[in-house]
Amino acid sequence: MAQPKQDTAVRPLLNEEFPWDTFDSEWYLRHNYGVMRDDDQDILMRLAEFFSGLREPKLLRGIDVGTGTNLYPVFALLPLCSQITMYERAKTNCGWLARETARHTDIGIWQPYWDVLSKWPLYAPIRDPQWAVHERTRVNRGSIFDLPKSAYDIGTMFFCAESITERGDEFARATRCFLRSLRPNAPFAAAFMRNSHGYEVNGVHFPAVAITADDVQKCLHSEGIRKASVINIDSANPLRDGVGMVLVTGRIARR
Ligand SMILES: C[S@@+](CC[C@H](N)C(=O)[O-])C[C@H]1O[C@@H](n2cnc3c(N)ncnc32)[C@H](O)[C@@H]1O
């Protein structure tokens, strides 16, 4: 992990030391997802390809961890899942998710994201994605560190484990908690910010650990996951100077 920019005598802060319940959901939504970015589009295409290659015999119980106000992982999971839990700590984001998914019609800003996914035949049976999100999702307020073990058949986690703490050990623990919430051999996809030192949401600072693909790979190996795809995703116009993304797709170890 890259060294923090600040004086190393300053104690890196823990997840619980940040004001998650003040997270400005609408601001974050507009800033990050109001216009589809090239890196998100790249990730969506890779998600659709990965999910299209799965041959699961039945509909699955899915989870997206640290959903915030990003619904594109949930849209990507839709054809594979009978139910999807959106698991999130911040009260504001849980409220936003409940309101957003109460709507039956009008996909709103997610239309271009759905347009990317719907080029794959896997997505053709979902004729009304907003209705499917309304029908199949539920919001669960909770911390990643309290996730139940082996409880879900498929999972996604986007920009969560590395973007909720300043501590490298807490990033690794959060990633392990996500992976352990899935049953053996469950497929999963996770995205991480690379080299992020934190972010502002409407003037409030939130943390990050400046991880690389190697740090993610170490977490996967510690869970016995050796065959996952771990790739850097770059943008012509990154979200912040010097940052990039890492995308992982794979399966939990059989144990
Ligand atoms: C950088 S945002 C990512 C949001 C969204 N997944 C995305 O792709 O944009 C980090 C999210 O993690 C949530 N979070 C913070 N601490 C958490 C915890 N202990 N457990 C679960 N979620 C947490 C935040 O409220 C926020 O929604």
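*Asks:* Any chance you could break down the sheet that holds strand S5 (residues 187–194) for me, citing the residues and the numbers?
*Replies:* If you trace the 7 strands from one edge of the open sheet to the other, you get S3-S2-S1-S4-S5-S9-S8, paired in mixed fashion. Each having just a single partner strand, strand S3 (137–141) and strand S8 (229–233) make up the two edges of the open sheet. Adjacent strand axes in the sheet meet at a mean angle of 15° when their direction is disregarded. In this structure, S8 lies alongside strand S9 (residues 244–251), joined through 5 bridges in antiparallel fashion. Note that in S9 the partner of Asn232 across the bridge is Val246. Its contacts with the sheet place helix H4 (residues 91–102) against strand S2 (81–88) and S3, and it is angled at close to 165° to S3. Across the face of the sheet, helix H7 (residues 168–180) comes into contact with strand S1 (60–65), strand S4 (154–158) and S5 while running at roughly 160° to S5.

*Asks:* I'd like to hear about the site of the ligand, residue by residue, with values.
*Replies:* In the neighbourhood of the ligand, 21 residues make up the surrounding shell, with Tyr28, Tyr33, Gly66, Glu88 and Phe158 lying closest. Side-chain polar atom of Tyr28 to an oxygen atom of the ligand: 2.6 Å apart, as the coordinates give it. One of the backbone N or O atoms of Gly66 is found 2.6 Å from a nitrogen atom in the ligand. Of all the cavities here, the one that holds the ligand is the largest pocket. Taken together, the residues of the shell around the ligand break down into 10 nonpolar, 9 polar and 2 charged.

*Asks:* Describe the packing of aromatic side chains, naming the residues involved and giving the relevant values.
*Replies:* Enumeration over the complete set of coordinates arrives at 19 aromatic pairs. Measuring from ring centre to ring centre gives 5.5 Å for Tyr72 and Phe158, while their planes differ by 80°; the resulting arrangement is edge-to-face. Pair noted here: Tyr72 is in helix H3 (residues 72–77) and Phe158 is in strand S4, with a separation of 86 residues, a long-range link. Side by side, Tyr72 and Phe158 carry an identical accessibility label, which is buried. Between Phe178 and Phe188, the aromatic rings sit 6.3 Å apart at their centres with planes inclined by 80°, giving edge-to-face as the arrangement.

*Asks:* Now, about the pattern of salt bridges: what can you tell me, with residues and values included?
*Replies:* Following the criterion strictly, the structure yields 14 salt bridges and no others. Linking Lys58 and Asp153 is a salt bridge whose minimum nitrogen-to-oxygen distance equals 3.9 Å. Taken as a pair, Lys58 in the loop between helix H2 (38–52) and S1 and Asp153 in the loop between S3 and S4 lie far apart in primary sequence, 95 residues in all. Residue classification places Lys58 among the exposed residues on the basis of a relative accessible area of 52%. As a salt-bridge pair, Asp234 and Arg194 come within 2.7 Å of each other at their nearest N and O atoms.

*Asks:* Which residues make up empty space enclosed by the protein, and what values do they have?
*Replies:* Per the stated rule, a full pass over the model turns up 1 cavity of 30 Å³ or more. Approximately 50 Å³ is the volume found for the largest cavity. Along its surface, the largest cavity is lined by Arg37, Asp39, Met193, Ile233, Asp234, Ser235, Pro238, Leu239, Val243, Gly244 and Met245. For the lining of the largest cavity, the class distribution of residues is 6 nonpolar, 2 polar and 3 charged.

Reading the values: the criteria
- Residues numbered from 1 in each chain as written.
- Predicted model: local features only at pLDDT ≥ 70, side-chain atom pairs only at ≥ 80, totals over all residues.
- Heavy atoms only, no water.
- Pairing = 2+ DSSP bridges.
- Helix = DSSP H or I, 4+ residues; strand = E, 2+ residues; numbered from the N terminus.
- Axes fitted to C-alpha atoms, helices over the stretch in contact; angles between N-to-C directions.
- Contact = heavy atoms within 4.5 Å.
- Near = heavy atom within 4 Å.
- Polar contact = N/O pair within 3.5 Å; in protein donor to acceptor, adjacent residues only side chain to side chain.
- 1 Å grid on protein atoms, 1.4 Å probe; cavity = no way out; pocket = protein on both sides within 12 Å on 5 of 7 lines; lining within 4 Å.
- Sits in = over half its atoms within 2 Å of the grid points.
- Nonpolar A, V, L, I, M, F, W, Y, C, P; charged D, E, K, R; others polar.
- Phe/Tyr/Trp six-rings, centres within 6.5 Å; stacked < 30°, edge-to-face > 60°.
- Buried < 20%, exposed > 50% of the residue type's maximum accessible area, 1.4 Å probe, protein only.
- Salt bridge = Lys/Arg side-chain N within 4 Å of Asp/Glu carboxyl O.
- Points joined across faces, edges and corners; volume = space filled by probe spheres on them.

Interpretation in functional terms is not warranted from these geometric data alone.
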